[in-house]
Structure formats: structure tokens, C-alpha cells
Amino acid sequence: MDRWQAMRIFVKVAETESFSESARQLRMSAPAVTRAIASLEALIGARLFIRTTRSVKLTEPGSRYLDDCRRILADIDEAEAAAAGSYATPSGTLSITASLLFGQMYVLPIMHEYLDTYPTVSGSLLFVDRPVNIVEEGIDVAIRIGHLPDSGFSAIQVGSVRRVVCGSPGYFERHGVPRTPADLKDHRIAVSTGAWTSPHWRFANDHHVTIDPWLQCNTNDAAIATATAGLALTRVLHYQVGPALLDDRLQVVLADYEEPPLPIHVLHPEGRHAPAKVRAFVDLAVSRLRGNPLLR
């Protein structure tokens, strides 16, 4: 058996922790998988797995060898794909995820433009307000708001968002303008339970206030609509009210008390091995999001 195939079998056994399951997924016989691993261990001169009747676990040399095998196999896949042209021309299905409102307002138009530009690609969008494991869920690119944990993924910052308190000009005419966070106790507040579940609002320089909501909504849209109608103030990420701020339907207050802004990143797991469909979308998304004045 050639070395490439043996590495492929080894990676599959390491991922499934099962010789029989690896054989099933690879459509091989279990003895053939066992022989391949035994041959690889003999060739390397090190034991790769600890086998018991109940489990198959990597040894320490096996864990190091797994990282190398994945890198080598990825390089082979990239070379083959490049020769076939898929790394030169975007093709296939591109999967993108973002938070619900951000995705609808800012990512969807980018996807429309992308699909019009590359007719050989089809798109799949997952807009949800929950953490998404982009590897497990087969996502090509994620647009994330907030500070990122270390992951080894490629991440490009494209902007930032602020958490702002806002209301309509009509509301301020009738109820006045809060000058400090403490003044919010004297105002009607509409909150989104999905985005801001705590009644304790924190601001810069250790200012904080406990809110007694006038209206609780389960969506940001409803809280924003209430503020736009002049009935209450609300606190949201400023991109969510960007259009309303531009045409003065809403105005920001307490700007001097805002917390530091949160970064926006375009994130993908494949790094330099990303196919053309991913590279083309990332380039377009970075350009469009960085050029958006509402995301600064």
C-alpha cells in the first residue's frame, strides 16, 4: 500500500478512534485497515495507537504524526485541486454564517453580488444568533462580531461596532435627553431579551445602571421599531440602527459613556489552502465591509 493511502487511513482511524468504523467509511475491509496501520508503524518505527478491546487512542508520537499527516494530505489535495482548476475558478457551494440581523443587513447584499459575479457557485446562508462551530457545520466563511478566541483560523478585521443608546427626535422633545447613564432610570426603555438579557447596563469608566424595562421584546427589530416610533429608548449595536441614524429617525445619546467598540472579523478555517470560491468571497466581503461607514 502506498504511503499516501496509509496516511489517509491513519488519519481516519485517529478521527474515528475505531478500526471498524474507519473501514466502513473508507469502504475497505477491517483487516486491510489493520494491516495498513501495522505497515505504517513498522515503516516509521514507532507505535501510533494504543489498542484495547474498547478503545483506540493515539500515542504521543501518533499525535505528532497526525498533525504532519493532515498538513501533508492538505498539500496534496491543494496540488491536485490546483491542477484540476478548482483553485483557479470559484465553483461549488459556498456556505456563510453571521448573526441574524447583521447577516440580513450587510452580508446578504454581498452574497447577492458574489453570486452574480460567479455563476458557477451556489450559496448557502446561515444567519443565527448562536455560536456556530464552522468546522462541524461545514461553514466556509463566518462573519463574527466580538473578540475572537485563539483558533488557528484566518481572521481579517473589517470594522467595529459600538453599543449605543438611541431614541427618536420626537421622544427627546417630549421626555428630554439623558445626560448620564443614571438618567435612564427616568426614561422609558424598550429592550430585546435576545440581545441584552441583563437589566444591569454597564458603561465606560465603571458607570452602570439597573434598567426597569417599559417594554421587553424578543427581537432587536421590535425594540428598534418601538424606539423609532418615538415611544421609548433602546440600546443596541449601532450597525442595527445604521439606516435610521443616517436619516435622523434615531439619534444616539450618552456617546461619551460608550464602552470600547467590538471588532468585526471575516473568519475562515482553511488559511492558505482555501479554494477559489472562499478566497473570492473573502476578498469581496473585506472590501465591502471595510468600505461601509456604518461599521466604523
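Please read these numbers as outputs of a predicted model, since none were measured by experiment.

A.B. asks: For this particular structure, what's the right way to read the pattern of salt bridges?
C.D. replies: When the charged atoms of two side chains lie near each other, side chains of opposite charge can form a pair. Scanning the entire structure with this criterion turns up twelve salt bridges. Note that Glu17 is salt-bridged to Lys57, the shortest N-O span being 3.0 Å. Here Glu17 is found in the loop between α1 (3–16) and α2 (19–26), whereas its partner Lys57 is found in strand β2 (residues 56–58), with 40 residues between them in sequence. Given a relative accessible area of 40%, Lys57 falls into the partly exposed group. A salt bridge links Arg71 to Asp68, with the nearest nitrogen and oxygen atoms 3.6 Å apart. In this pair, Arg71 and Asp68 are both assigned in helix α4 (residues 60–84), three residues apart and thus about one turn of the helix distant.

A.B. asks: What is the right way to read a nonpolar patch on the surface from this model?
C.D. replies: On the surface, Trp214, Leu215 and Leu231 cluster together into a nonpolar patch covering about 260 Å² of accessible area. With respect to the helices and strands, Trp214 occurs in the loop between β10 (208–210) and β11 (215–217).

A.B. asks: So what exactly am I meant to see when it comes to the environment of Tyr257 here?
C.D. replies: Following the sequence through the fold, Tyr257 ends up in the loop between β13 (251–253) and β14 (262–268). A C-alpha to C-alpha distance of 7.6 Å links Tyr257 and Pro181, two positions 76 residues apart in sequence. For Tyr257, the contacting residues outside a window of four places in its chain are Arg179, Thr180, Pro181, Phe203, Ala204 and His207.

A.B. asks: What should I look at first to understand the nonpolar core in this one?
C.D. replies: If you look at soluble globular proteins, the nonpolar side chains tend to sit buried side by side. Judged by nonpolar contacts, the single largest core of 39 residues is most densely connected at Phe102, Ile143, Val266, Phe281 and Leu289. Element by element, the count of residues in this core is highest for helix α9 (residues 276–290), at eight residues. For Phe102, the contacting residues outside a window of four places in its chain are Val107, Ile143, Ile145, Tyr239, Ile264, Leu289 and Leu295. Of all hydrophobic cores here, the second largest spans 21 residues; its members include Val13, Phe19, Ala23 and Tyr65.

A.B. asks: Sorry if this is basic, but what is going on with the side chain of Glu41 here?
C.D. replies: Within the secondary structure, Glu41 is located in helix α3 (residues 30–44). By relative accessible area, which is 13% here, Glu41 ends up buried. Setting aside chain neighbours within four positions, we find Glu41 in contact with Ala46, Arg47, Leu48, Phe49 and Arg51.

A.B. asks: How should I be thinking about α3 in this particular structure?
C.D. replies: Taking 1.5 Å as the rise per residue, α3 with 15 residues should run 21 Å; its terminal C-alpha atoms sit 21 Å apart, in good agreement. Looking at α3, one finds that the buried residues are Ala32, Val33, Ala36, Ile37, Leu40 and Glu41. Once α3 finishes, Gly45 follows within two positions and takes phi at roughly 85 degrees, a positive value.

A.B. asks: Hey, could you run me through the sheet that holds β13 in this one?
C.D. replies: Strand-to-strand pairing in sheets goes through backbone hydrogen bonds, with the strands running parallel or antiparallel. Read across the open sheet, the three strands follow the order β12-β7-β13; overall the sheet is antiparallel. On the outer flanks of this sheet lie β12 (234–237) and β13, each paired with one strand and no other. Here the average twist between neighbouring strands, direction ignored, is 50 degrees.

A.B. asks: I keep staring at the environment of Ile72 and nothing clicks. Help me out?
C.D. replies: Assignment of secondary structure puts Ile72 in helix α4. Residues Ile72 and Trp4, 68 residues apart in the sequence, show an inter-C-alpha distance of 9.0 Å.

A.B. asks: Could you clarify how one ought to interpret α1 in this entry?
C.D. replies: Since the α-helix turns once every 3.6 residues, residues separated by three or four places project in the same direction. An ideal rise of 1.5 Å per residue puts 20 Å on 14 residues; α1 measures up with 20 Å between its terminal C-alpha atoms. The distance from a side-chain oxygen at the start of α1 to the backbone nitrogen of Trp4 is 3.1 Å, and the residue carrying that oxygen is Asp2. Where α1 ends, the next residue or the one after it, Glu17, has phi of about 55 degrees, a positive value.

A.B. asks: Before we go on, may I ask you to explain the packing of aromatic side chains in this structure?
C.D. replies: Aromatic rings considered in pairs are described by the distance between their centres and by the relative angle of their planes. This model, assessed by the stated rule, comprises nine aromatic pairs. Ring geometry for Phe10 and Tyr65: centres 5.1 Å apart, planes at 45 degrees, overall tilted. Remark: Tyr65 occurs in helix α4 and Phe10 occurs in helix α1; sequence separation between them is 55 residues. The structure contains a cluster of three or more aromatic residues connected by ring pairs, namely Phe10, Phe19, Phe49 and Tyr65. If you follow Arg235 out to its NZ or CZ, it ends over the ring of Phe203, 4.1 Å from the centre.

A.B. asks: Sorry if this is basic, but what is going on with the sheet that holds strand β3 (residues 92–98) here?
C.D. replies: In space, the five strands of this open sheet follow the order β4-β3-β5-β14-β6, with mixed pairing throughout. Two strands bound the open sheet, and with one partner strand each, they are β4 (121–127) and β6 (154–161). The average undirected angle you get between the axes of adjacent strands in this sheet is 20 degrees. Across seven bridges, the pairing between β3 and β4 is parallel.

A.B. asks: What is the right way to look at the state of the cysteines in this model?
C.D. replies: Working definition: the covalent bond between the sulfur atoms of two cysteines is a disulfide. By the definition in use, this model includes zero disulfides. You can see Cys217 has no disulfide; the closest cysteine sulfur is in Cys166, sitting 13 Å from it. With relative accessibility at 8%, the residue Cys217 sits in the buried group.

Basis of the calculations
Residues numbered from 1 in each chain as written. Predicted model: local features only at pLDDT ≥ 70, side-chain atom pairs only at ≥ 80, totals over all residues. Heavy atoms only, no water. Salt bridge = Lys/Arg side-chain N within 4 Å of Asp/Glu carboxyl O. Helix = DSSP H or I, 4+ residues; strand = E, 2+ residues; numbered from the N terminus. Buried < 20%, exposed > 50% of the residue type's maximum accessible area, 1.4 Å probe, protein only. Patch = residues over 30% accessible without salt bridge, like charges linked within 9 Å, V, L, I, M, F, W, Y side chains within 5 Å. Areas by Shrake-Rupley, 256 points an atom, 1.4 Å probe, with all protein chains shown as cover. Contact = heavy atoms within 4.5 Å. Core = buried A, V, L, I, M, F, W, Y, C linked by side-chain atoms within 4.5 Å. Expected span 1.5 Å × (residues − 1). Pairing = 2+ DSSP bridges. Axes fitted to C-alpha atoms, helices over the stretch in contact; angles between N-to-C directions. Polar contact = N/O pair within 3.5 Å; in protein donor to acceptor, adjacent residues only side chain to side chain. Phe/Tyr/Trp six-rings, centres within 6.5 Å; stacked < 30°, edge-to-face > 60°. Lys NZ or Arg CZ within 6 Å of the ring centre and 35° of its normal. Disulfide = S-S within 2.5 Å.

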